[in-house]
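# Structure assessment
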Amino acid sequence: MSATDYRRELDIRRYPMAVYVLVPLAALVLQAWLPRILGRFAYFDLPLLVVLYFSLIRRHPIHGTLLGAVLGVLQDGLTQGAIGIHGVANTVCGFLAASLGVRFVVENALLRVAMNFVFTLLAELLVVFVTTGVLGLEMHWNLLTQVLVAAGNAVIGLVLFPLLDRLQSRN
Amino acid sequence: MESFFSRHRNVLVLLAVLLAQIIGLAVQVRRPARRAGGAQPNRVGGTVASAGGSGDGGGVMLLRLWAAGLVTPPERLFHALNRGVVGVWTGYLDLVHLQQQNAQMQKTIDRLRLEQAMLEEDARQGERLQALMHFSQGYPGRTLPAQVIGTSGNLQSHLLYLDKGSADGLRTDMAVISADGIVGKIRDVFPHTAQVLMINDQTSGAGVILEKTRIRGILRGDANGQTEVVGILADSRIQPGEAVLTAGGDQIFPRGLPVGTVTRVVRDPDRSAFIDVILRPAAALDRLDEVLVLTDLQSEMPPAMQKDMAQSQSEQGAAASAELARELARRKAAEEMAERLPGLTQPGATTANGAPGSNSATGSNGTPPPAPRPIPTLHPDRFTPGYDPNSGSSSTPTEPTGDAPAASGSGKPQKRSQP
């Protein structure tokens, strides 16, 4: 199978509508619920992981942008912070991930780990940048924590992405 | 032109979405600053924790309501499932009666620990009797138990979601505590859920006092989710292990509730003259299942506490009445002794209770009366003590001096009332 045929075969992969609704919702719920179990060791960002996955798989920058914006805004809605901080970060990550997915086939597990790490770190740094640089608000942050969150997302993505791959429907 | 839009459609959509969000952010950040008059600098989210509530606009509040409405029902389901599974194991498989009794006793211990903390703080101020009368001032009258069903899911935002809301009587700025110590305060209230801002969040704030050194400071969280007391000048008396209590001046937390224990003291990186006192919170903030919301701070003790207080007073009352009987017996014996020694009392002198002529072996304040001195002699002769035949007069103590007046307290010699 040539690379073009492989891309085309990938392009016709679709998901049931319920997956588009339930998976982001489950990510939001688990992101809010799991810290109760894991305490301060909840180093992950599941909504961002879902945004990255759908952006990479769908390869549509506008979809990635909108999905990132919606999930980011909902994430902000669960915090006491201003609405839109995570929205901006997830929007940018969704757009970049989808743009990358258009140019490259991201099926390799190692590549997915690296991309999840980099995009999560980028999102965390964007949150800091928007809060302190754009809005001029006071915010203490710890780079080690951001790196741990990125590493956590990379590891979870290693397990989660193959599981989500199984949900796609082939026409 | 059309080809430009179609060619750059993706980027244009991205820019439009980003622009919309940044405008929304700018509006949110600007609004609270206008309301507060710029008195306090904005922190994360632009909504500094204040006594006035969240301060969000209507649109932002609606978004938060949607987010909470979307996430909390599944969270509630997860929580119920989790509790069900755990409940089946602990309630039916794992030593049924022992577990239940243990849970009951643990509840009693937690309640008594809370009462003990309240009582100890009053005792330290040396106002035991007055504090008994006004014990309930500044302490919660009513509490509402609530289940923790979720968090914000963000390491920078230390929030909890409770399964009670405005329909259950919760309002913003109510204090949230556990049996071990304070947890936070209610920030936003929805119909059936409420959002709690924990004390280890960067935007939280509470007035606290160090138990031994009585140094006051402001409790807040740092970037790592640790609780710290800031705004304290460097003081070598602050040592690890010292307890920290609520100061009670913030109109949210009653005074005397445990906050945590000092673990270490570090220098404030921004202000060299100040230190940051890092605490270990008394409440297990990352493992909370049930909390108490102080719904009313009226000065009325809970029934269980009133019962405990009455029992304690009755036990102390028996001991006090026995002590009082012994004291009365001692006084009576002293008065009888004084009646048998009438010469020790001067005529017209009043006793402690104001009755003239009555004798008393003790002074008004319980101290023994001064030792009697001989009455000065008007016409000394050779038999008078201290008589000097050469001078023909007696010396002290028969002759009063200016700087040592007689025992009567006046400069004039007095006649003896009885021979």
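Model, not experiment: these values are computed from the prediction.

### A look at the overall build of chain A
Regarding its fold elements, chain A presents seven helices and two strands. In chain A, the order of α-helices and β-strands from amino to carboxyl end is α-β-α-α-α-α-α-α-β. Within chain A, the fraction of its 171 residues that count as buried is 49%.

### Quick notes on the overall build of chain B
Of the regular secondary structure elements, chain B holds six helices and 14 strands. When the 419 residues of chain B are sorted by exposure, 29% land in the buried category. Restricting to contacts in chain B with at least 6 residues of sequence separation, those with at least 24 account for 54%.

### Considering the confidence of the model for chain A
Residues of chain A with pLDDT of at least 70 account for 91%, and the chain-wide mean is 86. Mean pLDDT across the elements of chain A ranges from a minimum in helix α1 (residues 3-11) of chain A, with 53, to a maximum in helix α4 (residues 61-77) of chain A, with 93.

### Here's the deal with the packing of helix α5 (residues 85-103) of chain A against helix α6 (residues 109-134) of chain A
All names here are of chain A. The N-to-C vectors of α5 and α6 enclose an angle of 145°; their axes lie 8 Å apart at closest approach. For α5 against α6, the interelement crossing comes out right-handed. Residues I85, H86, V88, A89, N90, V92, C93 and A97 of α5 touch α6, and the partners they reach there are F119, L122, A123, L126, V127, V130 and T131. Looking at side-chain class alone, the contact of α5 with α6 contains twelve nonpolar, three polar and no charged residues.

### Re the interface of chain A and chain B
On the chain B side, the residues contacting the 41 residues of chain A number 48 residues. Contributions of two or more residues to the side of chain A that touches chain B are made by α2 (17-38), α4, α5, α6 and α7 (143-165) of chain A.

### Side note on α4(A)
With 17 residues, α4(A) should reach 24 Å at 1.5 Å per residue; the first-to-last C-alpha distance of 24 Å fits that figure. Within α4(A), 13 of the 17 residues are buried, leaving the element largely enclosed by the surrounding structure.

### Some thoughts on the sheet that holds strand β11 (residues 274-281) of chain B
Residues and elements named next belong to chain B. Taking strand neighbours around the barrel as the criterion, the six strands line up as β6-β7-β8-β11-β10-β9 in a closed arrangement whose pairing is antiparallel. Here the average twist between neighbouring strands, direction ignored, is 45°. Where strand β8 (residues 227-233) meets β11, five bridges bridge the pair, whose relative direction is antiparallel. Across the sheet, I232 pairs through a bridge with I275, a residue of β11.

### Looking at the pairing of strand β2 (residues 159-162) of chain B
Residue and element names in this part refer to chain B. Side chains of β2 alternate between two faces, with L159 and Y161 and L160 and L162 buried alike. Of the pairings in the sheet, the one linking strand β1 (residues 142-151) to β2 comprises three bridges and is antiparallel in character. Counterpart to G150 in the pairing with β2 is Y161. Here β2 pairs with strand β5 (residues 194-198) via four bridges, running antiparallel.

### Overview of the nonpolar core
Soluble, globular proteins show a tendency: their nonpolar side chains are buried together. Counting 57 residues, the largest nonpolar core has L49(A), V50(A), V51(A), L52(A), Y53(A), A89(A) and C93(A) as the members making the most contacts within it. Only α2, α3 (46-58), α4, α5, α6 and α7 of chain A together with α2 (9-36) and α3 (58-93) of chain B provide two or more residues apiece to this core. With ten residues, the top contributor of residues to this core is α3(A). Counting the residues that make up this core, at least three belong to each of domain 1 (2-42) and domain 2 (61-305) of chain B. If sequence neighbours within four positions are ignored, A89(A) has contacts with G72(A), A123(A), L126(A), V127(A) and V130(A). Residues I182(B), I238(B), V262(B) and I275(B) belong to the second largest nonpolar core, which totals 47 residues.

### Things to note about the packing of α6(A) against α7(A)
Residue and element names in this part refer to chain A. The contact between α6 and α7 brings their axes to 8 Å, and the two run at 145°. The handedness of the crossing between α6 and α7 comes out as right-handed. Note on element contacts: α7 touches α6 through Q146, V147, V149, A150, A151, N153, A154, G157, L158 and F161, opposite A109, R112, V113, N116, F117, T120, L121, E124 and L125.

### Topic: the environment of L100(A)
All names here are of chain A. Following the sequence through the fold, L100 ends up in helix α5. The exposure class of L100 is partly exposed, given the 18 C-beta atoms found within 10 Å. Separated by 40 residues in sequence, L100 and H60 place their C-alpha atoms 9.8 Å apart.

### As for the sheet that holds strand β4 (residues 182-189) of chain B
Ordered in space as β1-β2-β5-β4-β3-β12 (chain B), the six strands form a closed barrel in which the pairing is antiparallel. For this sheet the average axis-to-axis angle between neighbouring strands, irrespective of direction, equals 45°.

### Concerning the environment of G207(B)
Residue and element names in this part refer to chain B. Within the secondary structure layout, G207 lies in strand β6 (residues 206-210). A sequence separation of eleven residues divides G207 from I218, and the C-alpha atoms of the two residues are 5.0 Å apart. Setting aside chain neighbours within four positions, we find G207 in contact with R216, I218, T246, A247, G249 and D250.

### Observations regarding the pairing of β11(B)
All names here are of chain B. Here strand β10 (residues 258-267) runs beside β11; their pairing, made up of seven bridges, is antiparallel. Paired with R264 across the strands is I278, a residue of β11. Remark: six residues form the turn of the hairpin made by β10 and β11, two consecutive strands paired antiparallel.

Parameters and conventions
Residues numbered from 1 in each chain as written. Chains lettered and ligands numbered in written order. Predicted model: local features only at pLDDT ≥ 70, side-chain atom pairs only at ≥ 80, totals over all residues. Helix = DSSP H or I, 4+ residues; strand = E, 2+ residues; numbered from the N terminus. Buried ≥ 20, exposed ≤ 12 C-beta atoms within 10 Å, placed from the backbone. Contact = placed C-beta atoms within 7 Å. pLDDT = per-residue confidence, 0-100. Axes fitted to C-alpha atoms, helices over the stretch in contact; angles between N-to-C directions. Left-handed = near helix turned anticlockwise from the far one by under 90°. Nonpolar A, V, L, I, M, F, W, Y, C, P; charged D, E, K, R; others polar. Expected span 1.5 Å × (residues − 1). Pairing = 2+ DSSP bridges. Core = buried A, V, L, I, M, F, W, Y, C linked by C-beta atoms within 7 Å. Domains from an automatic or database assignment.

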